[in-house]
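Structural characterization, general
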Amino acid sequence: MSAATTRFAGIAARRAAGGIASICSAHPLVIEAALRHGAAHGADVLIEATCNQVNHEGGYTGMTPAAFRAFVEAHAGKTGFPLDRLILGGDHLGPNPWKHLPAAQAMRKAAAMIDAYAGAGFTKLHLDTSMACADDPVALADETIAARAADLAVAAEAAVARAGGEKPVYIIGTEVPVPGGALEALDNMHVTEPADALRTVEVHRQAFSRLGLDAAFARAVGVVVQPGVEFGNADIIAYAPQKATKLVASLESMPQFVFEAHSTDYQPAEALATLVRDGFAILKVGPWLTFALREALYGLSSIADQLAAHPSRENLPAAMERIMLASPGNWQKYYPGTPDEQRLQRHFSFSDRIRYYWRSPDAQHATEALLAALGDREIPRPLISQYLGHLDAEVGAGRIEPTAHELLIGSVTRVLDIYRDATNL
């Protein structure tokens, strides 16, 4: 294993020392910010792609796992980030993108996807086969989920043996919404029962063993559980440690594992630190990073209206509104309410469904036009105070250069700093 993967594989043994943030984004500026942040602190960086985002068929980003790896490594080269500190992960790897198909067919595609991930050198693989396919019952038995996960592990192990790469570390369990976000009301949240977490580990252990994968299961280090954190369009459920006391205690019965917490975006800093202290050593973050990026982009758009107004350049929020209305598939079922309520959610929801649109040609053109208008000029502090107030103190202290690009990176870095503080106990 590489140095970073070796350190990650030992995360349960060194849980008292802290954890790691998992960066779940394919946005180039988020990737740049994460790698620059890691390089500045001499830290490992874990970057993950989801099954819908990146797969052997391209996903919604149009990238295969090999292409995503090349994309991240190119940014590492530009930022001076050492590759031996990089960990690449695949999230929710299973039949979810093809769950409209019969299970046998969907699982064949899932096996091809995990083959592509493992063959491309991704060393953190979250096996998630919990979703029902077209010919499945609504709720799958634990044994079925575990058996399908073990089948995918067979494919991953074979891919690594063929490619001669590093043996992967596995994450199991799925007490979280499916990729794309929660649709249920936040008042339905519940903390995973300790017995359910222990059963998840045991049925997976048995399923792996039946296929002769005991050595592979020994490399499983994380269990995805629900600690009781979530966010919606305008609401955040913060971690309440007293509600997770029994779940946290169950870790004593599975010393091989830590907990992986999804949807930790927008948690208060102390809540994140408490999660890590309680054993939720892997903190997934994604929408908060692109939300922070969108805040900065919209602030820069307002600044450009003051510094470089031009009738031919469309205001960025107006451009994104036009783009999202023309292709409503990525937001419509997630944003209920009146037309005015939906309009606000399209741009400002914590769920940040706008992140699915930044890679579209029209959105890239609008963003490039904005950044070209501002160029490398130094933006006056009063305008930063007015439109990017959350960055003003950092600019004043000299930690962020007052240029458009650095303000974008700085907005994302502000979130990364919160996670660094939380995971370094």
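Treat the numbers as computed from the prediction; the structure is a model and nothing was measured.

Reading the values: the criteria
- Note on numbering: residues in each chain are counted from 1, in written sequence order.
- Whole-chain, interface and lining totals are the exception, using all residues; otherwise, since this is a predicted model, local features are given only for residues with pLDDT of at least 70 and side-chain atom pairs are given and counted only at 80 or more.
- To obtain the side-chain values, all non-hydrogen atoms of the structure were included, while hydrogens and water were left out.
- Secondary structure elements follow DSSP: runs of H or I of four or more residues count as helices, runs of E of two or more count as strands, with numbering from the N terminus.
- Pairs of residues are marked as contacts when any of their non-hydrogen atoms sit within 4.5 Å.
- Accessibility here uses a 1.4 Å probe with only protein chains present; expressed as a share of the type maximum, an area under 20% marks a residue as buried, one over 50% as exposed, and anything in between as partly exposed.
- What makes two strands pair is DSSP finding at least two bridges between them.
- When the strands point away from the viewer, a crossover counts as right-handed if the route from the first strand across the helix to the second turns clockwise.
- Angles run from 0 to 180 degrees between N-to-C directions of axes, and those axes are lines fitted to C-alpha atoms, restricted for helices to the stretch in contact.
- In summary, the pairing rule links any two rings of Phe, Tyr or Trp, Trp by its six-membered ring, whose centres are within 6.5 Å, and it sorts them by plane angle into stacked for under 30 degrees, edge-to-face for over 60 and tilted for everything else.
- We count a charge as sitting over a ring when the NZ of a lysine or the CZ of an arginine lies within 6 Å of the ring centre and within 35 degrees of the ring normal.
- Roughly parallel means an angle under 35 degrees; roughly antiparallel, over 145; roughly perpendicular, 65 to 115; everything else is oblique.
- Side-chain classes are defined by residue name, with Ala, Val, Leu, Ile, Met, Phe, Trp, Tyr, Cys and Pro counting as nonpolar, Asp, Glu, Lys and Arg as charged, and the others, Gly among them, as polar.
- Side-chain atoms within 4.5 Å are what join buried Ala, Val, Leu, Ile, Met, Phe, Trp, Tyr and Cys residues into a set we call a nonpolar core.

1. Notes on the side chain of S250
Inspection of the secondary structure assignment puts S250 in the loop between α8 (245-249) and β9 (258-261). Excluding residues within four positions of it along the chain, S250 makes contact with P194, L198 and F259.

2. Digging into the pairing of strand β3 (residues 86-93)
Of all eight residues that make up β3, eight are buried, and the element is covered over most of its length. Relative to β3, strand β2 (residues 45-50) runs parallel, the two sharing six bridges. Following the sheet pairing, L46 is matched in β3 by I87. Assessed by its sense of winding, the connection that carries the chain from β2 through helix α3 (residues 65-79) to β3 is right-handed. As defined by bridge partners, β3 adjoins strand β4 (residues 124-127) across three bridges and the pair is classed as parallel. Among the inter-strand pairings, G90 is bridged to a residue of β4, identified as L125.

3. Considerations on the sheet that holds strand β5 (residues 169-172)
Sheets are built from strands that pair by backbone hydrogen bonding, the pairs being arranged parallel or antiparallel. Read around the closed barrel, the eight strands follow the order β1-β2-β3-β4-β5-β6-β9-β10; overall the barrel is parallel. On average, each strand axis in the sheet is tilted by 25° relative to the strand beside it, whichever way the strands run. As paired strands, β5 and strand β6 (residues 220-225) are joined by three bridges and run parallel to one another. Bridging from a neighbouring strand, I171 pairs with G222 of β6. Its contacts with the sheet place helix α2 (residues 28-41) against β1 (20-24), β2 and β3, and it is angled at close to 160° to β2. Contacting β3, β4 and β5, helix α5 (residues 142-163) crosses the sheet at an angle of about 155° to β4.

4. Overview of the packing of aromatic side chains
Applying the stated criterion across every chain yields a total of 17 aromatic pairs. With a centroid separation of 6.1 Å and an interplanar angle of 75°, the aromatic rings of Y170 and F208 are classed as edge-to-face. Of this pair, Y170 sits in strand β5 while F208 sits in helix α6 (residues 194-210), and the two are 38 residues apart along the sequence. Each member of the pair, Y170 as well as F208, is classed as buried. Summarising the aromatic geometry, the rings of F291 and F350 are spaced 5.5 Å apart at their centres and angled 45° between planes, so their arrangement reads as tilted. Highlighted residues: F291 in helix α10 (residues 287-307) and F350 in the loop between α12 (339-348) and α13 (361-374), separated in sequence by 59 residues. Look at F291 and you get buried, because its relative accessible area is 9%. Through pairs of rings, three or more aromatic residues link up here, namely F231, Y266, W288, F291, F350 and Y419. R294 extends its terminal NZ or CZ atom over the ring of F291, reaching a point 4.8 Å from the ring centre. R346 extends its terminal NZ or CZ atom over the ring of W331, reaching a point 4.7 Å from the ring centre.

5. Concerning the packing of helix α15 (residues 389-396) against helix α16 (residues 404-423)
Helices that pack against each other are described as a pair by the angle of their axes relative to one another and the distance between those axes. It is at 10 Å that the axes of α15 and α16 come closest, and there the two elements cross at 100°. Taken as axis vectors, α15 and α16 run roughly perpendicular relative to one another. For the pair formed by α15 and α16, the contact residues are H390, L391 and V395 on the first element and L407, G410, S411 and R414 on the second. Of the residues that constitute the contact of α15 with α16, the class distribution is three nonpolar, three polar and one charged.

6. Overview of the nonpolar core
One finds I47, F68, F280, L300 and M320 to be the most contacted residues of the largest nonpolar core, which totals 125 residues. The element best represented in this core is α10, accounting for eleven residues. In contact with M320, not counting residues within four places along its chain, are Y298, H347, I354, Y357, W358 and A363. Core analysis: the second largest hydrophobic core is formed by 14 residues, I87, V169, A281 and I282 among them.

7. Quick look at unusual backbone geometry
Unlike most non-glycine residues, S263 shows phi in positive territory, near 55°. With respect to the element layout, S263 can be found in the loop between β9 and α9 (269-277). Residues other than glycine seldom take positive phi values, yet D352 does so here, at roughly 55°. Note that D352 resides in the loop between α12 and α13.

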